[in-house]
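Structural features, examined
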2 protein chains.
Amino acid sequence: MSFYDALEARDPVDREKDLMERLPVLVAHAQAKASYYATRFAGVIAGYVRTRAALASLPVTRKSDLQDTQAAQAPFGGLCTVSTAGLRRVFCSPGPIYEPEGRGLDPWRMARALYAAGFRSGDLVHNCFSYHLTPGAFIFEGGAAKLGCAVFPGGTGQTEMQVQAMAALKPAGYVGTPSFLKIIVDKARELGADVSSLNKALVSGEALPPSLRQSLAEQGIGVRQCYATADLGMIAYESEAEAGLILDEDLILEIVRPGTGDPVSPGEVGEVVITSFNPEYPLIRFATGDLSAILPGISPCGRTNVRIKGWLGRADQTTKIKGMFVHPSQVADVLKRHPEVKKARLVVDNESGQDRMTLLAELAVGSPDLENAMVGSLRDLTKLRGEVRFVPPGTLANDGKVIEDVRKYE
Amino acid sequence: MSFYDALEARDPVDREKDLMERLPVLVAHAQAKASYYATRFAGVIAGYVRTRAALASLPVTRKSDLQDTQAAQAPFGGLCTVSTAGLRRVFCSPGPIYEPEGRGLDPWRMARALYAAGFRSGDLVHNCFSYHLTPGAFIFEGGAAKLGCAVFPGGTGQTEMQVQAMAALKPAGYVGTPSFLKIIVDKARELGADVSSLNKALVSGEALPPSLRQSLAEQGIGVRQCYATADLGMIAYESEAEAGLILDEDLILEIVRPGTGDPVSPGEVGEVVITSFNPEYPLIRFATGDLSAILPGISPCGRTNVRIKGWLGRADQTTKIKGMFVHPSQVADVLKRHPEVKKARLVVDNESGQDRMTLLAELAVGSPDLENAMVGSLRDLTKLRGEVRFVPPGTLANDGKVIEDVRKYE
């Protein structure tokens, strides 16, 4: 049992105290150095933001809004605390969304995940994320540099050259997508190339099917996953326990009801919202658009930080109904008018031949008055007619869905 | 007029003294830490290698032999002084030939060339060399990091995204091939995208036609060239004088007769042979396979180092004649038997319907005896019959050609 540092085994009370103490400093830094936060957090007294409740009172910044925010104030929408000249690299992800990379060693905090996956100083890492335009490969480069690993920048594609290089250079590990690792290993077998030096891999960017993990393990490659984004870098990582993804030590995680900034109950599926202490690119209550949920308890490996399930889908359930966009936030607004309803889901079907929306609202005992009032709220807020039906508490699945589209078009 | 450092304006006598003082240290380091040199330089007393003449007595290491040398002792053929674990990155160029990257800042010494091309701390550099497999992009990354420039890793292809990113990020300069810069600038005009932030470029990897340089200058982009290889990094660079390529300060240049290790007369075209002080990958008398020639005098910009013409072709003129390989070194061996002939060229034609070789030998006054002796030497050394014809000194073009193939096959 070995940890990257002592932080991983901290008493969770100490971790929480540390994060909450750093929070007002972060908010003040963002307000002072990033024009976006100066506006967005106008009137917020940074010194008061020292609890989760206070944090939850701040507006979220949605990844889905970044493109417009950046277009209005190129290139970083006022979220970056330094000029481009003060950065090491700048990237462009599809959208386009631009991402800055600070000058620190391992600015994306990937060393911790690599360590948990078994990477150690002196290992050669075969890096098959793309180095072009997007930060993917560089997120892992930073972690390798911090750990003291050498890197072979394989990039994407050119499978035969990847195999040839592996056979000659004998890397200890691979980073990249799991599917490309399978392609490489299969091609090596086909070519009779010896890539048996590979004994570990840290994968990301797509699902790792248990059958693929098993098959690679049988070939001597222990595969671990991590969850990372181009804005935040590494968010959560697997350890040898392979029991959920452990949150990075330098982040604050919230799981919120999609479309809102409101934290859900522990264990409930919702949108991953992260507060990151990255000095060049402070992201405070950054709504990733990804769905996940907190796992109860702590990891058997001894790391004490909170764990999340893997990626459970996209949070953005904005749907076009009768030609009008309906956002999850509008469903949340309906509930705010009727606080006796704690959970609801808007179901859209077209069995009648045209779009129909029904709000399923969890409530032990409903009433015709409340139903009428909610139908009115729904119409006020969405400009669309819809039905309201009460269902017993616990009926709606814990899957983060606020709008469920079951229309059929065949 | 501004230099990257004071070294560039040194008295050439001081530069030569400095390089010659460092040479025995380099040779001793290579012998002690790199098994290849321990063998190749067996019996060489490092302390004596402190003159150009002593250097010229050492065997050259040919780039064209690297593939075999590396295959015999993977991955670096015993030329690398540290294990792979001690490197930052490892690359694979077509061949395959593997190249190591040390952990130093700017291990490929590109900051000097970027500076001469006008790049300064805080500039954003749009890097369109490939980051995948080969070191191209990283050679420029190192220089940018040392200068304090931020980098956008554009990579190759995806022209529209390159244009889009340039319009948003407003880079000050471009590094990449000149042809791709033209493609980007043309595409920007077609899309109506503003890429006018670009005011300089450092290009490499292919010829820069004067018309293209002119056309880009008219669009506000000052383009400079540099000569670099995946083994050595930056070798020589243009300054604002645009008068030849100035040798890097940390290299020793020799121009040798192709196929030999023998320095040519000043100004004569020959193969570029470089001695590099890279501690992780010392290359001593490394024959690049490229042809160039020394330019007389020094650059009008005030940099005092030796200058070379650009790339003048490939030095490896090995040719198959009547089914047998003939190497430039065999032609050189013929001349060694007849020292009265200073320069010669083997011309291969097939006008008679079959391969015929004629050795053109520069000599003021020839003789039938010498002719017969040289025909005999040619047959001994190549196992092929050939003619010898004397030509007046100065007849053969100064183009580095030792074997000229004028056969026609239509």
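Throughout what follows, the structure given in this document is the object of discussion. (Residues numbered from 1 in each chain as written. Chains lettered and ligands numbered in written order. Predicted model: local features only at pLDDT ≥ 70, side-chain atom pairs only at ≥ 80, totals over all residues. Heavy atoms only, no water.)

**Looking at the relation of the copies chain B and chain A**
Think of it as a corkscrew move, a rotation about one axis and a shift along it, taking one chain copy to the other. To be explicit about the condition: Only residues with pLDDT of at least 70 in both copies count here: their C-alpha atoms drive the least-squares fit that superposes the copies. Two residues form a contact once any of their heavy atoms are found within 4.5 Å.
Once turned by 180 degrees and shifted 0.0 Å along the axis, chain B lies on chain A with an RMSD of 0.1 Å. Given the turn and translation reported, the copies of this chain are related as if by a two-fold rotation axis. Among all residues of chain B, the minimum C-alpha distance to the rotation axis is found for Tyr131 of chain B, at 3.0 Å. Most of the interface of chain B is mirrored in chain A: 100% of its interface residues are interface residues there too.

**Some thoughts on the environment of Val163 of chain A**
All names here are of chain A. Heads up, the rule is: Numbering of helices and strands runs from the N terminus; a helix is a DSSP stretch of H or I covering at least four residues, while a strand is a stretch of E covering at least two. Throughout this description, buried means an accessible area under 20% of the type-specific maximum (1.4 Å probe, protein chains only), exposed means over 50%, and partly exposed covers the range between.
Along the chain, Val163 falls in helix H7 (residues 159-169). Given the relative accessible area of 1%, Val163 is considered buried. Taking the C-alpha atoms as reference points, Val163 and Ile97, 66 residues apart in sequence, are found 33 Å from one another. Residue contacts for Val163: discarding those within four places in its chain leaves Ile184, Lys187, Ala188, Leu191, Ala193 and Val195.

**Thoughts on the pattern of salt bridges**
Residue and element names in this part refer to chain B. The following threshold applies: A pairing counts as a salt bridge when a side-chain nitrogen of Lys or Arg comes within 4 Å of a carboxyl oxygen of Asp or Glu.
For the structure shown, the criterion picks out 72 salt bridges over all chains. For Arg88, the salt bridge goes to Glu101, with nearest N and O atoms at 3.6 Å. Of this pair, Arg88 sits in the loop between helix H4 (63-72) and strand S2 (89-93) while Glu101 sits in strand S3 (residues 97-101), placing them 13 residues apart in sequence. Residue Arg88 is classed as partly exposed on the basis of its relative accessible area of 26%. Taking relative accessible area as the criterion, Glu101 reaches 1% and is therefore assigned buried.

**Comments concerning the sheet that holds strand S13 (residues 283-292) of chain A**
Residues and elements named next belong to chain A. Basically, it comes down to this: The criterion for strand pairing is that DSSP finds at least two bridges linking the strands in question. Note on definitions: angles span 0 to 180 degrees between N-to-C directions of axes, and those axes are lines fitted to C-alpha atoms, for helices only across the stretch in contact.
As summarised here, the arrangement of the four strands in space is S1-S13-S12-S11, forming an open sheet in which the pairing is mixed. Looking at the sheet topology across the chains shown, the edges are occupied by strand S1 (61-62) and strand S11 (251-256). With five bridges connecting them, strand S12 (residues 270-276) and S13 associate as antiparallel partners. Looking at the pairing, Ile274 lines up with Phe286 of S13. Set on the sheet, helix H1 (residues 12-33) makes contact with S11, S12 and S13; between it and S11 the angle comes to about 90 degrees.

**Focus: the environment of Val269 of chain A**
Residues and elements named next belong to chain A. Turning to its location among the elements, Val269 is positioned in the loop between S11 and S12. On the accessibility criterion, Val269 (6% relative accessible area) is buried. The sequence separation of Val269 and Asp186 amounts to 83 residues, and the corresponding C-alpha distance is 36 Å. Excluding anything up to four places from it in sequence, Val269 contacts Ile255, Val264, Leu291, Ser292, Ala293, Leu312, Asn398, Asp399 and Gly400.

**Observations regarding the packing of aromatic side chains**
Stated formally: When the centres of two rings from Phe, Tyr and Trp lie within 6.5 Å, Trp using its six-membered ring, the rings pair. Their planes under 30 degrees apart give stacked, over 60 give edge-to-face, and anything left gives tilted.
For the structure on display, the rule yields 18 aromatic pairs over all chains. Between Tyr36 of chain A and Tyr37 of chain A the ring centres are 5.0 Å apart and the planes differ by 85 degrees, which places this aromatic pair in the edge-to-face class. Accessibility assignment for this pair places Tyr36 of chain A and Tyr37 of chain A in one class, buried. Between Tyr131 of chain A and Phe138 of chain B the ring centres are 5.7 Å apart and the planes differ by 85 degrees, which places this aromatic pair in the edge-to-face class.

**With respect to the pairing of strand S6 (residues 173-176) of chain B**
Residue and element names in this part refer to chain B. The test is simple: Seen with its strands pointing away from the viewer, a crossover is right-handed when the path leading from the first strand over the helix to the second is clockwise.
Side-chain alternation along S6 places Gly173 and Val175 on one buried face and Tyr174 and Gly176 on a second face that is also buried. When strand S4 (residues 124-127) meets S6, the two strands line up parallel, connected through three bridges. In the strand pairing of S6, Val125 is matched with Gly173. One ladder, built from four bridges, connects S6 with strand S7 (residues 200-203); its direction is parallel. By the bridge assignment for S7, Val175 is matched with Leu202. In this fold, the crossover linking S6 to S7 by way of helix H8 (residues 178-191) has right-handed handedness.

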